Amino acid sequence: MTTRANAPSVSVLARRWLGENATFYLFAAPFAALTIVMGLWPIALSIQTSFTESYTALSPQPTYVGFANYIEVFGDPVFTKSAWLTLRYTVLAVVLNLVIALFYAMFLSSVLLSRGAWIFKLCCFLPVVTPDVAGYIVWKWMYSGDFGAVNAALTALGLPEFGGVSQVSTVTLAILIAEMWYHVGFYVVIFLANFAMLDRTLDEAAHLDKAGFWRKFTRVTLPQLRPAITINSIYALIQFLKTFTVVVVITKGGPGTATNFVSYYAYRQFDQAQYGTATAMATILFSVIMVLAFALYWYNQRRDWR
Amino acid sequence: MSRDTALRIAAYGLAIAVSAFFVFPYLWMISASFKSTEAILTEPLQLIPDSLSFKAYRDIAVMSGVGLGTYVWNSLWITLASTVITLLSTGFGAYALYRAPKLPGFGLLRVGFLLVIMYPYMLLVMPVYLVMFKLGLLGTVTGIILFLSVGPIQFFLFEQFFRSIPREVIEAARMDRASETRILFRVVAPMARPVVVTVTLITILLNWAQWFPILVISRSTDTYTLPVALLSLNSELGVNFQGIMALATLTTLPVILVYLATQKYVIEGMISGAVKG
Amino acid sequence: MKLKALLAGTTLALGGSMAMAEELVIWHDLGDNGINWFAEAGEAFKKMHPDVTVKSVSFPTDQWYGKSIAALNTNTAPDLLYNNYERVIRVVDQTGKVMDLSDVFAGMADTGFLSEADLNVARYDGNMIILPVQRVQMGFGARKSWLEAVGEDFPETWEDVQRVSAKFIAEDPDGNGKDDTYGLALEAANPRDLIHMLDLYTFGAGLRHTLIDGAGEIVIDEPKHKQVLVEFLKTFTDYGYVSPDTVTHSFPEMYQVIEGGRAGMFRVGDWNVKKWDGADVLNGDFLVGEWPQHFDDVDNAVVIGGMRGVAVPDNAPNKDMAIEFAKFLLSVEAQQASLNNVGAAVRGDFALDGLSERRLVFAQPAHNLNAYDFPESVHAFYPELEADFHRELLEVLVDPQDDWGAYVDALAERMRAKRDSLK
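On a predicted model such as this, the values are computed, not experimentally measured, just so you know. (Residues numbered from 1 in each chain as written. Chains lettered and ligands numbered in written order. Predicted model: local features only at pLDDT ≥ 70, side-chain atom pairs only at ≥ 80, totals over all residues.)

Participant: Please give an account of the overall build of chain C that cites residues and values.
Facilitator: Each helix and strand in chain C was counted, giving 17 helices and 11 strands. Computed over its C-alpha atoms, the radius of gyration of chain C comes to 23 Å, within 12% of the 22 Å expected for a compact globule of 423 residues. Expressed as lengths along the three principal axes of its C-alpha atoms, the size of chain C is roughly 65 × 55 × 45 Å. Expressed as a percentage of its 423 residues, the buried residues of chain C come to 50%. Contacts in chain C between residues far apart in sequence, at least 24 positions, make up 75% of those at least 6 positions apart. (Helix = DSSP H or I, 4+ residues; strand = E, 2+ residues; numbered from the N terminus. Rg over C-alpha atoms; globule rule 2.2 N^0.38 Å. Buried ≥ 20, exposed ≤ 12 C-beta atoms within 10 Å, placed from the backbone. Contact = placed C-beta atoms within 7 Å.)

Participant: Kindly report on the overall build of chain A, identifying the contributing residues and their values.
Facilitator: Scanning chain A from N- to C-terminus turns up 13 helices and zero strands. Seen in sequence order, chain A has helices and strands lined up from the N terminus as α-α-α-α-α-α-α-α-α-α-α-α-α. Here chain A has a C-alpha radius of gyration of 26 Å; the compact-globule value for 306 residues is 19 Å, and the former is much larger. Counting only residues that meet the buried cut, chain A has 45% of its 306 residues in that class. A fraction of 68% describes how many contacts in chain A between residues 6 or more apart in sequence connect residues 24 or more apart.

Participant: An account of the interface of chain A and chain C is needed here, citing residue identities and associated values.
Facilitator: Facing 20 residues of chain A, the contacting portion of chain C comprises 24 residues. No other element matches the three residues that helix α1 (residues 10–49) of chain A contributes to the side of chain A that touches chain C.

Participant: I'd love a proper account of the packing of helix α3 (residues 77–108) of chain A against helix α10 (residues 226–241) of chain A, names of residues and values included.
Facilitator: All names here are of chain A. It is at 9 Å that the axes of α3 and α10 come closest, and there the two elements cross at 140°. The handedness of the crossing between α3 and α10 comes out as right-handed. Two secondary-structure elements touch here, α3 through Thr86, Tyr89, Thr90, Ala93, Val94, Asn97, Leu98 and Ala101 and α10 through Asn232, Ser233, Ala236, Leu237, Phe240 and Leu241. (Axes fitted to C-alpha atoms, helices over the stretch in contact; angles between N-to-C directions. Left-handed = near helix turned anticlockwise from the far one by under 90°.)

Participant: Account for the UniProt feature "transmembrane region" (unreviewed entry) in chain A, naming residues and giving values.
Facilitator: The UniProt feature table records "transmembrane region" (unreviewed entry) at residues 24–44, 87–107, 119–139, 180–198, 234–255 and 275–299 of chain A. From the first C-alpha to the last, residues 24–44 of chain A spans 27 Å; its make-up is 100% helix and 0% strand. (UniProt positions renumbered as here; feature names shortened; annotations may be inferred.)

Participant: An account of the domain arrangement of chain C is needed here, citing residue identities and associated values.
Facilitator: All names here are of chain C. Splitting chain C by domain gives domain 1 (15–135 + 308–359) and domain 2 (138–304 + 376–422). The centre of domain 1, based on its C-alpha atoms, is set 29 Å off from the matching centre of domain 2. Listed per partner, the contact involves 11 residues of domain 1 and 11 residues of domain 2. Of all the secondary structure elements, the ones that give two or more residues to the side of domain 1 that touches domain 2 are β4 (123–124) and α15 (357–363). Across the side of domain 1 that touches domain 2, the residue classes tally to four nonpolar, three polar and four charged. (Domains from an automatic or database assignment. Nonpolar A, V, L, I, M, F, W, Y, C, P; charged D, E, K, R; others polar.)

Participant: Quick rundown of the interface of chain B and chain A? Include the residues and the values.
Facilitator: The interface is formed by 74 residues belonging to chain B together with 71 residues belonging to chain A. In terms of residue count, the dominant contributor to the side of chain B that touches chain A is helix α14 (residues 241–276) of chain B (15 residues). For the side of chain B that touches chain A, the per-class residue count stands at 61 nonpolar, 10 polar and three charged.

Participant: Which residues make up helix α17 (residues 404–422) of chain C, and what are the values?
Facilitator: All names here are of chain C. The end-to-end C-alpha separation of α17 is 26 Å, in line with the 27 Å expected for 19 residues at 1.5 Å each. Every buried residue of α17 is accounted for by Trp404, Val408, Leu411, Met415 and Arg419. Angular distribution of buried residues about the axis of α17 spans 80°; they occupy a single face of the element. Pointing more than 90 degrees away from the buried face of α17 are the exposed residues Ala406, Glu413, Ala417, Asp420 and Ser421. Elements that come into contact with the buried residues of α17 comprise α10 (223–236) and α16 (382–397). (Expected span 1.5 Å × (residues − 1). Arc of directions from axis to C-beta.)

Participant: Hey, could you go over the nonpolar core for me, with residue numbers and the actual values?
Facilitator: Counting 302 residues, the largest nonpolar core has Val128 and Leu230 of chain B together with Leu80 of chain C as its most contacted members. Ranked by residue count, the leading element in this core is helix α7 (residues 168–196) of chain A, at 15 residues. Contact partners of Leu80 of chain C, with chain neighbours within four places excluded, come to Leu24, Ile26, Val310, Ala311, Val312, Ala316, Ala322, Phe325 and Ala326 of chain C. (Core = buried A, V, L, I, M, F, W, Y, C linked by C-beta atoms within 7 Å.)

Participant: Hey, could you go over the domain arrangement of chain A for me, with residue numbers and the actual values?
Facilitator: Assigned domains within chain A: domain 1 (10–49) and domain 2 (72–303). Averaged C-alpha coordinates put domain 1 of chain A and domain 2 of chain A at centres separated by 37 Å.

Participant: I'd love a proper account of the environment of Lys275 of chain C, names of residues and values included.
Facilitator: Inspection of the secondary structure puts Lys275 of chain C in helix α12 (residues 273–277). Linking Lys275 of chain C and Val342 of chain C, residues 67 residues apart in sequence, is a C-alpha distance of 9.6 Å.

Participant: Give me the lowdown on unusual backbone geometry, citing residues and values where you can.
Facilitator: Glycine aside, residues mostly have negative phi angles, and peptide bonds mostly take the trans form. Residue and element names in this part refer to chain C. Despite not being glycine, Asn283 has its phi angle at roughly 55°, a positive value. Residue position: Asn283 is located in the loop between α12 and β9 (286–289). Under the C-beta neighbour-count criterion, Asn283 is labelled exposed, with 11 such atoms within 10 Å. In this structure, Phe374 is a non-glycine residue whose phi angle is positive, near 50°. By secondary structure assignment, the location of Phe374 is in the loop between β11 (369–371) and α16.

Participant: Residues and numbers for the environment of Gly204 of chain C, please.
Facilitator: Residues and elements named next belong to chain C. Relative to the helices and strands, Gly204 is located in helix α9 (residues 191–204). Note: C-alpha distance between Gly204 and Met138 (66 residues apart in sequence) is 9.1 Å. If sequence neighbours within four positions are ignored, Gly204 has contacts with Phe140, Glu290, Trp291, Pro292, Asn300, Ala301 and Val303.

Participant: So what's going on with the pairing of strand β6 (residues 131–143) of chain C? Residues and values would help.
Facilitator: Residue and element names in this part refer to chain C. Taken across its 13 residues, β6 has 13 buried, putting it largely inside the fold. Direction of pairing for β6 relative to strand β10 (residues 302–311): antiparallel, over a ladder of six bridges. Bridge pairing in β10 links Met138 to Val303. The pairing of β6 with β9 spans four bridges and is classified as antiparallel. Paired with Phe140 across the bridge in β9 is Gly289. (Pairing = 2+ DSSP bridges.)

Participant: Residue-level account of the pairing of strand β1 (residues 22–28) of chain C, with values.
Facilitator: Residue and element names in this part refer to chain C. Of all seven residues in β1, five are buried, a share of seventy percent or more. Note: β1 against strand β2 (residues 52–58), seven bridges, orientation parallel. Pairing of Glu23 across the sheet is with Thr53, part of β2. Between β1 and its parallel partner β2, the chain crosses via helix α2 (residues 31–48), and the hand of that crossover is right-handed. (Right-handed = clockwise from strand over helix to strand, strands pointing away.)

Participant: Tell me what's going on with the environment of Tyr259 of chain B, and back it up with residues and numbers.
Facilitator: Here Tyr259 of chain B shows up in helix α14. Among the residues examined, Tyr259 of chain B registers 20 C-beta atoms within 10 Å and is labelled buried. Sequence separation between Tyr259 of chain B and Arg8 of chain B is 251 residues; the distance between their C-alpha atoms is 29 Å. Other than its neighbours up to four places away in sequence, Tyr259 of chain B contacts Leu126 and Val129 of chain A together with Val266 of chain B.

Participant: Let's hear about the confidence of the model for chain C: which residues, and what values?
Facilitator: Low pLDDT means the predicted atomic positions in that stretch should not be read closely. All names here are of chain C. Taken residue by residue, chain C gives an average pLDDT of 87. The fraction at 70 or more is 95%. In the model, residues 1–20 has pLDDT below 50 throughout and makes 17 contacts with residues more than four positions away in sequence or in other chains. Across the interfaces of the predicted complex, the ipTM metric reaches 0.89, alongside a pTM of 0.82. (pLDDT = per-residue confidence, 0-100.)

Below, the structure written as structure tokens:
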């Protein structure tokens, strides 16, 4: 500090400000570049394409058709059916995964399993980190009616055969199970983290009150699990609305159109050069996810549970 | 036997049964890859085959005219390169946005990033084809690596870590008139080792599993990674079930090993990434 | 968007390993057999064009479609496309960027081995979209050892097939002591899978059309067509001759059922025989013949499912050389390599020694042949009509009807209404 002096001049201040901030801009530049080029640009392109005629969509001068693609999409009975299927599946999957994850986490954090719990946690989280394609391919063959392990096991136990992915009546359950196998460990682990932070004194109080299990669960445990429930429901909602890989690998949308979820249907359309309608569907799904995510976020902020 | 012990045994029994549900598919996969066709058809539940057959692994030595080694190399190289880029870009990016959130443009960047991670990933990949084309990166490994470098939760992991640094530490350094670069490298970076390890591990696991962007950006099987090769192993000309299981095993095993060796980091990283996001 | 320019610049510098000498890239879906064939053909081609290398890339069929369509639309096409005629039609429809090869073909001398019927399966909308290189023949196959086990001969008629199916299911023809065998292996996961099977039933029975005739009339409720269609639907449902999983089976699963020895009767494509003669697979334990006869007064046949051929995108990077190579694929040398590696060709003027009896069925046809009619080459509205037809059939397969005849009648009416709305 050689110039210990009067207040620094404006130009010095400005230069210093710029110097500091130039560093920040430099730090942020690669991140910004990737976000823009690999994220925002394709999204913009996708939205733009949704307003063009498919046949000209990729040419230098596409023909703009206004909302024609959106009108076509909403008038397409296959899409409407697909949208309902997606919604129904999402609700089923979110409820099933969260409920099972909650009870399994409660079970794992109970005193009964004190020392061994970590290894069980390790097992249920294993599918979360392994490649989904590989996992689903294995499930696909395990469901095979001809030599799959699932029916072989059922037969060995003297139970009726499971239709698996070959029947409309069972395909939803079959992929729910496969997806739960893959995802549920994540929700379990989040719940477990929340359980570790529970206030045990409230438990004691409830115990002294002689409150029944159910009463204790709904009055004492659940309210304290709100952070985990919120996080898990946001993740699960987004996760299952986008259900894709399991369909590509196991069912290809079938049997019939029983698992033709929106993301898969849009992808098929794109593959068949129906760029306009495919991107219109993508934009619709994006809007739904955005609205849901913001609603949940807003709800979350308002409660301020932290 | 006391009631307590009985309960304990029952609880362990249940936990083992549930864990078997999670682990069985892997065992079945590994076992099937070493079985003969006949053994699979007659004894689908038998996990330890009577005799080991390595035929499936020989069968997948060349797939679609491309050697297994190429797929393995692509998987390794693409995963590692994109992990390094993700690490650097989100690390520095999150730091800049944390330190100077009010700088012009940074607010927009944050919103933009949120939009990107909310966009349905598989639908984002389709227009990425056009982007790659416009950039001249279609069919190149560079294109694949750059696209995979946009990671969803890594940014939040870093941001959360930076927020946990006591304000006074950075303020003190600023008082000493240390430059921003110096603050980052001398003050913040030494504390960041755990978060860097976590982000690295999670990114490796996520990118190793990627398939859809790689499938879309590729223009030949030369740039396929193991999961994409696995998905393409089915063709109209026939199917090799054991080969599929062998390739699935090769695709999964490295990840399982990394996970088992580093489970604490991985699980905790995932939790804090999620809690923040 | 300076960033964009910057990034493009840096990556151009990075990706500078682009081809120096001329490299022809051809996209197909023939797997390793095709790769070997194109490698051999490429070597032979090199003798005339020393600085040209041919690189073939094999994609699964679904990926082949998606990639081809996207590439032609964005001017990132490969030099050549290779696939079945009707698949190339879809690429033409969705890109409009496949070259008309009429003049190229007219300028070729040695083409006498292609009949007018063959050439019809190369033209679309007045253009010659492929040079036909391989006839696609599909016969009906049955496991030899299973037939022996249940005391039957190769099934000739539909009644035979029904009787043999029942025996294959009931009598444990593979002798493994388990109730795990089926009569037939079919597929129905996607519309394309289903139509493929229905076409084989229909043309194999000697009929000339699947859904509409040349005049655009719906034929499915005409007595003979109706009978075949109903039997086809019942095969999946009432009769239960196929594995119940069949509605989710596409080619890979169907092959697993065939090669895994779960079904005794199946489709045999000319390109399947080489693999199935192999020791690891069926080891030649199968017979190939015509599709089952449904009517006394109509000849059953081996089905010609069209042509596989080579197409040149309008925006191929090395278009002239691509055309040269396309022409070369009809030379004796390339054709012989095609027969050896893939099991099909359009020429027959070369040695056939050493081919198995099953391969000779296709290499030297001595039986009835009946070819697809390709209504899409006549009626522009056909693809959309057909898509509706398939959707209906796929839905009804998982929702079996009590009265199939009445269902087909009603379906025919719906198809007429749809056709009228499309015309």
